[in-house]
Amino acid sequence: MPTTTNADTLAWMSLPQPTWTALGGGQWRPGDRVRITCPDARLAREAERLARELTALGHPAVASGDGECAADGGSGGAGGDARDEAVIVLRIGDPRGTLPEGTAVPDAGARAATGETFAVTVHDQVEVIGESPAAVFRATRQLLQNLRAQGRVPRGRVFSRPAVAERGFHLDAARKHYPASWMAELVTSLSYVGVNTLQWHFSEDLGFRIASERHPGIVSDEHLTKDEVRALLAHAADHHVQVVPSLDMPGHLRHALAGHPEWQLPAPVADTRHALDITDPDAVRFAHDLVDEYAELFDTSRHWNLGADEFVAFDRMEDYPVLAGTARERFGPEANGFDLLTAFANDLASRLATHGLTARVWNDGMFRGGVVALDAAVQVTWWTNWDARMRPVSAGLDGGHGIVNFMDSLLYYVLGEANNYPYPTSDRLWEEDWHPGVFTRLPGRVPQTWQPPYPEQLLGASFAVWADVPEAQTPAEVAEGIRRPLRGMAERSWNAGSRLSHEEFLRLDAAIS
């Protein structure tokens, strides 16, 4: 835990840890009754939520404020002597105003303008100030964690600002079906430790898991209805988690293309049943149609991962002469199959932009053409550099692209430990001193590392679950297996590393439950 100099001073028990702490002696206990006030009606939901959560912990609470900010946490009304109440005040404002003059707070330098900065001051009452409702929500998670861990909150002051804008989680819910109720619980658990993005991968070679009106024949028997999806999106928004739909194209489409062999990429020697024929206008229209249908469903999302990875065996492009031939026809004699793939990604990105969505792609097939450049507005989810022909992270940064770090060697939880991926552990994160600026190594174990202050284009980092062997674990086993390394990623992403030792982290992880 953080070092203290006063024997009577408690540690601040939370994940992620605050950016800055100044704890004094003493403690704040909720007592028999808590009153939550929020003068700003925008915080009515946060006050109501906190009242119910405190009541569930055995601390009867009510929310009261100016009109709209009034709700009963289940304690039986707002009567009683105010002198006997513990008070929590929720406000929207500038948390920096709570810092003593001249206080130096670590600044990782990345584009962390998410409105999630908050401060908590604990004396006779608790005051939470956040830049937004999302920031206040993050702060109230910290209060709950302290109460669950030690039944009280240390007196003093904390200030917290994320080092990166995005702390993410990717779920392959295509090869493996997850019930809507399990996914709702997942969202709640993500939000509890400051993870603010869920990338929802719903189409893969082994399944397509969301209902379709336009193409019902491509949908797996086990799938979610669109009403279930809408309910999950509402639940995520309520917990300040952004959802990024992930519909991988033009590869990873074996299930969707099973009934449409005419749209599969022709190749004389390779198996391309998973690959969309991007030389065929009808096949591309099919891709557009799927984008249009699901962009309408995910109408609260801001980003969309269109994939563009593992389309074909990139190290054997000569096995797919139709790609190179079409590229030369369209873009000139110096063009190759990678140029055609990049043009397809740009085309989908343009279509997504008409729906208000910023496109993302995986890195492995990008920046390898000679003629067509990836649109600078497209963001890159950087997962691997296992092949020397894959371009380094610097190529994405030099091209002006926003980058999210999906470092596969430490952050990929591959069911069945397929393809030589051991399950990730929190101790490896500490051993490697991982933080969002540490990317997968180049061949020869050449590091790709950026220390804080990070480049502005480093958007964040993400943990990922892939269902290569769907039956290897049940949903409950997945939830248990990911908890500790996911929380380690959350701590080290928020703080650009961690002041905690691994042993301290383990104790916190167990204590906050």
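Residues numbered from 1 in each chain as written. Predicted model: local features only at pLDDT ≥ 70, side-chain atom pairs only at ≥ 80, totals over all residues. Heavy atoms only, no water.

Enquirer: Tell me about the overall build of the chain, and please be specific about residues and values.
Expert: Scanning the chain from terminus to terminus reveals 13 helices and 20 strands. Computed over the C-alpha atoms, the radius of gyration of the chain is 24 Å, within 12% of the 24 Å expected from 2.2 N^0.38 for a compact globule of 513 residues. Each of the three principal axes of the chain carries a C-alpha extent, and together these read 80 × 50 × 40 Å. When burial is assessed residue by residue, the chain has 59% of its 513 residues classed as buried. Only carbon and sulfur atoms are counted for the fraction: they give 48% of the accessible area of the chain, which is about 19600 Å². A gap of 5 Å separates the mean positions of the 46 positive and 69 negative side-chain charges of the chain. (Helix = DSSP H or I, 4+ residues; strand = E, 2+ residues; numbered from the N terminus. Rg over C-alpha atoms; globule rule 2.2 N^0.38 Å. Buried < 20%, exposed > 50% of the residue type's maximum accessible area, 1.4 Å probe, protein only. Areas by Shrake-Rupley, 256 points an atom, 1.4 Å probe, with all protein chains shown as cover. Lys, Arg positive; Asp, Glu negative; His and termini not counted. Charge placed at Lys NZ, Arg CZ, Asp CG, Glu CD.)

Enquirer: Just give me the short version of the packing of helix H3 (residues 180-192) against helix H12 (residues 475-494), but keep the residues and values in it.
Expert: Axis angle and axis distance: for two packed helices, these are the angle between their axes and the distance between the axes, and together they describe the pair. Between H3 and H12, whose axes approach to 12 Å, the crossing angle comes to 15 degrees. When the axis of H3 is compared with that of H12, the two are roughly parallel. Judged by the sense of rotation from one axis to the other, the crossing of H3 with H12 is right-handed. For the pair formed by H3 and H12, the contact residues are Trp182, Leu186, Leu190 and Tyr192 on the first element and Pro475, Ala476, Val478, Ala479, Ile482, Leu486 and Arg487 on the second. (Axes fitted to C-alpha atoms, helices over the stretch in contact; angles between N-to-C directions. Parallel < 35°, antiparallel > 145°, perpendicular 65-115°, else oblique. Left-handed = near helix turned anticlockwise from the far one by under 90°. Contact = heavy atoms within 4.5 Å.)

Enquirer: Now, about the nonpolar core: what can you tell me, with residues and values included?
Expert: By size, the foremost hydrophobic cluster in this structure holds 113 residues, and its most contacted members are Phe169, Leu171, Trp200, Leu276 and Phe298. The element contributing the most residues to this core is helix H6 (residues 281-297), with nine residues. Setting aside residues no more than four positions away along its own chain, leucine 276 makes contact with Pro250, Leu253, Leu257, Trp263, Leu265, Ala283, Phe286, Ala287, Phe311 and Phe344. Of all hydrophobic cores here, the second largest spans 29 residues; its members include Leu143, Leu144, Leu147 and Val158. (Core = buried A, V, L, I, M, F, W, Y, C linked by side-chain atoms within 4.5 Å.)

Enquirer: Would you mind going over the packing of helix H4 (residues 226-238) against H6 in detail, with residue names and values included?
Expert: Between H4 and H6, whose axes approach to 10 Å, the crossing angle comes to 50 degrees. Regarding the angle of H4 to H6, the classification is oblique. Judged by residue contacts, Lys226, Val229, Arg230 and Leu233 of H4 engage Glu293, Tyr294 and Leu297 from H6.

Enquirer: Would you mind going over the packing of aromatic side chains in detail, with residue names and values included?
Expert: Per the stated rule, a full pass over the model turns up 19 aromatic pairs. Taken together, a centroid distance of 6.3 Å and an interplanar angle of 45 degrees make the contact between phenylalanine 118 and tryptophan 494 tilted. With phenylalanine 118 in strand S6 (residues 118-122) and tryptophan 494 in helix H12, this pair connects stretches of sequence that are 376 residues apart. The same class applies to phenylalanine 118 and to tryptophan 494, which are both buried. With centroids separated by 5.9 Å and ring planes inclined at 50 degrees, the aromatic side chains of tyrosine 412 and tryptophan 466 adopt a geometry described as tilted. A residue pair is termed long-range when its members are at least 10 positions apart, and tyrosine 412 in strand S17 (residues 412-414) and tryptophan 466 in strand S20 (residues 458-466) qualify at 54 residues. Each member of the pair tyrosine 412 and tryptophan 466 is classed as buried. Three or more aromatic residues joined by ring pairs form one cluster here, namely Trp362, Trp383, Phe406, Tyr412, Tyr421 and Trp466. Over the aromatic face of tyrosine 294 sits the side chain of lysine 226, whose NZ or CZ is 5.4 Å from the ring centroid. Here the guanidinium or amino end of arginine 492 rests over the ring plane of tryptophan 430, the centre of that ring lying 4.7 Å away. (Phe/Tyr/Trp six-rings, centres within 6.5 Å; stacked < 30°, edge-to-face > 60°. Lys NZ or Arg CZ within 6 Å of the ring centre and 35° of its normal.)

Enquirer: How would you summarise H3 if you had to cite specific residues and measurements?
Expert: Look at H3: 19 Å from first C-alpha to last across 13 residues, which is about the 18 Å you get at 1.5 Å a residue. Restricting attention to buried positions, one finds in H3 the residues Ala180, Trp182, Met183, Ala184, Leu186, Val187, Leu190, Ser191 and Tyr192. Taken together, the buried residues of H3 touch helix H2 (133-150), strand S9 (166-172), strand S10 (197-204), H4, H12 and helix H13 (502-512). Downstream of H3 by one or two residues, glycine 194 has phi in the positive range, about 80 degrees. (Expected span 1.5 Å × (residues − 1).)

Enquirer: So what about H6? Which residues, and what values?
Expert: Because an α-helix packs 3.6 residues into every turn, residues spaced three or four apart end up facing the same way. Compared with the 24 Å implied by 1.5 Å per residue over 17 residues, the 25 Å span of H6 between its first and last C-alpha is a close match. Looking at H6, one finds that the buried residues are Ala283, Val284, Phe286, Ala287, His288, Leu290, Val291, Asp292, Glu293, Tyr294, Ala295 and Leu297. The N-terminus of H6 is capped by aspartate 280, whose side-chain oxygen sits 2.9 Å from the backbone nitrogen of aspartate 282. (Polar contact = N/O pair within 3.5 Å; in protein donor to acceptor, adjacent residues only side chain to side chain.)

Enquirer: An account of the pattern of salt bridges is needed here, citing residue identities and associated values.
Expert: A full pass over the atoms with the stated rule returns 32 salt bridges. Ionic pairing is found between arginine 45 and aspartate 238, a salt bridge with its closest N-O pair at 2.8 Å. Residue arginine 45 is located in helix H1 (residues 44-56), and its partner aspartate 238 is located in helix H4; the two are separated by 193 residues in the primary sequence. When its relative accessible area of 23% is taken as the criterion, aspartate 238 is described as partly exposed. In this structure, arginine 96 engages aspartate 94 in a salt bridge whose closest nitrogen and oxygen atoms are separated by 3.0 Å. (Salt bridge = Lys/Arg side-chain N within 4 Å of Asp/Glu carboxyl O.)

Enquirer: Explain the confidence of the model for the chain to me, and be specific about the residues and the numbers.
Expert: Model confidence for the chain is summarised by a mean pLDDT of 93, while 93% of its residues fall at 70 or above. Segment residues 1-7 is flagged for pLDDT under 50; beyond a separation of four residues in sequence, or across chains, it makes 13 contacts in the model. When the criterion is pLDDT under 50, residues 70-82 qualifies, and its contacts beyond four places in sequence or with other chains add up to 24 contacts. (pLDDT = per-residue confidence, 0-100.)

Enquirer: Could you give an account of the environment of phenylalanine 169, naming the residues involved and the relevant values?
Expert: Topologically, phenylalanine 169 is positioned in strand S9. For phenylalanine 169 and alanine 490, which are 321 residues apart along the polypeptide, the C-alpha to C-alpha distance reads 9.6 Å. Leave out the neighbours within four places in its chain, and phenylalanine 169 touches Leu186, Leu190, Val195, Thr197, Leu198, Gln199, Ser462, Phe463, Val465, Ile482 and Leu486.

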